[in-house]
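# Survey of secondary and tertiary structure
Residue strings, one per chain:
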Amino acid sequence: MKKHNFSAGPSILPREVIEETAKGVLDFNGSGLSVMEISHRSKDFQAVMDEAVALFKELLNIPDGYSVLFLGGGASTQFCMVPYNFLEKKAAYLNTGVWAKKAMKEAKGFGETVEVASSAESTYTYIPKDYTVPADADYFHITTNNTIYGTEILKDPDSPVPMVADMSSDILSRPVDVSKYICIYGGAQKNLAPAGVTFVIVKNEAVGKVSRYIPTMLNYQTHIDGGSMFNTPPVLPIYSAMLTLRWIKAQGGVKEMERRAIEKAAMLYGEIDRNKLFVGTAAKEDRSRMNICFVMAPEYKELEADFLKFATERGMVGIKGHRSVGGFRASCYNALPKESVQALIDCMQEFEKLH
Ligand SMILES: *Cc1c(COP(=O)(O)O)cnc(C)c1O
């Protein structure tokens, strides 16, 4: 049976990327060696790193003066690297979910941390809009896509101070005005690569301004200077990331990813709103294109386990909602084909007919 992979992360990658990665694992560039068993400083691997950086810059239209880094440690390590490197006196955070809150918690260890707004009181079903960012903050941190709650900031906000963004789960799904940010980071396992690599886009001149000592490995300058090769980088996930970036370019770039994301989200939200059995959980104006969350309508609550079983039997994978929201979450990342969204919609319609 064909599987439709809606997993939230690690998540679906383009089939071609998985096949090319597998080939490189067995025989990299016809060298007779695996990409896993050659030096990260070899000419062949350096070419992979250079291409990954160049494609990232090209696809996201990253201005001059920024570096693209591929590091270990996950987005969660960035929660502390960001304040370590940028927080001198004060930082501002928008609390839109568990990940945003975790990022904010780390900042508190480095200086005054202002929560400009929060939607915690409604289990993060919306993105707060009325807030003021202190003009004397060193940076304003946002989480552009809230993977657990299915809300998304689709337009780069205006801010009186430079922004930092966790884009773990919506990177490369829409064009971004990178010039508004001093740092954009994320775990690659949602929309880019297998788990194990973290991408960081950092503005070079924003680094080196704080007065504290920063441990070598946690200092962005180390990795800017070392071209992500200060220590051994996660070579295999970087190879896959490069292949995904090639794939995105071949498909038509980030604009095309956005067009597909809009189309897939419109299809699935359309069905959620039409079908009497289901309701969406996020405020309509803040609905995520990447993680689409829905629950059974109150009068059909007892059918939740039945629908999960029904859909699973028809090849749907990873649609169980996060435990803090319940219900269902269909993650529709770049690599998820429209046909999978249609297959889920078919399940929802068939199930409706039975009830
Ligand atoms: C998954 C996720 C994280 C955590 O990423 P790790 O790489 O596992 O540390 C952080 N932020 C967001 C928005 C996420 O979706």
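Computed from a predicted structure; not experimentally measured.

## Section: the packing of helix H6 (residues 235-251) against helix H7 (residues 253-274)
Running from N to C, H6 and H7 point in directions that differ by 80°, and their axes come no closer than 7 Å. On the basis of the axis angle, H6 is roughly perpendicular to H7. Contacts between H6 and H7 pair Trp247, Ile248, Lys249 and Gln251 from the former with Gly253, Val254, Glu256, Met257 and Arg260 from the latter. Looking at the contact of H6 with H7, its residues break down into four nonpolar, two polar and three charged.

## Concerning the layout of surface pockets
What the largest pocket holds in volume is close to 320 Å³. For the largest pocket, the lining is made up of 22 residues, of which Trp99, Thr147, Ile148, Gln189 and Lys190 are closest to its centre. Elements that contribute at least two residues to the lining of the largest pocket include exactly helix H3 (74-86) and helix H4 (98-107). Ranked by residue count, the leading element in the lining of the largest pocket is H3, at four residues. Here the lining of the largest pocket is built from residues that sort into six nonpolar, 11 polar and five charged.

## Description of the site of the ligand
Taken together, 14 residues lie near the ligand, and Ala75, Ser76, Thr147, Asp166 and Lys190 sit nearest. In the environment of the ligand, an oxygen atom lies 2.4 Å from a nitrogen or oxygen atom belonging to the side chain of Thr147. Here an oxygen atom of the ligand and a side-chain polar atom of Lys190 are 2.6 Å apart. Protein coverage of the free-state accessible area of the ligand, which is 390 Å², stands at 88%. Among the detected pockets, the ligand sits in the largest pocket. In terms of residue count, the dominant contributor to the shell around the ligand is H3 (four residues). Tallied by class, residues from the shell around the ligand come to three nonpolar, nine polar and two charged.

Conventions adopted
Residues numbered from 1 in each chain as written. Predicted model: local features only at pLDDT ≥ 70, side-chain atom pairs only at ≥ 80, totals over all residues. Heavy atoms only, no water. Axes fitted to C-alpha atoms, helices over the stretch in contact; angles between N-to-C directions. Helix = DSSP H or I, 4+ residues; strand = E, 2+ residues; numbered from the N terminus. Parallel < 35°, antiparallel > 145°, perpendicular 65-115°, else oblique. Contact = heavy atoms within 4.5 Å. Nonpolar A, V, L, I, M, F, W, Y, C, P; charged D, E, K, R; others polar. 1 Å grid on protein atoms, 1.4 Å probe; cavity = no way out; pocket = protein on both sides within 12 Å on 5 of 7 lines; lining within 4 Å. Points joined across faces, edges and corners; volume = space filled by probe spheres on them. Near = heavy atom within 4 Å. Polar contact = N/O pair within 3.5 Å; in protein donor to acceptor, adjacent residues only side chain to side chain. Areas by Shrake-Rupley, 256 points an atom, 1.4 Å probe, with all protein chains shown as cover. Sits in = over half its atoms within 2 Å of the grid points.

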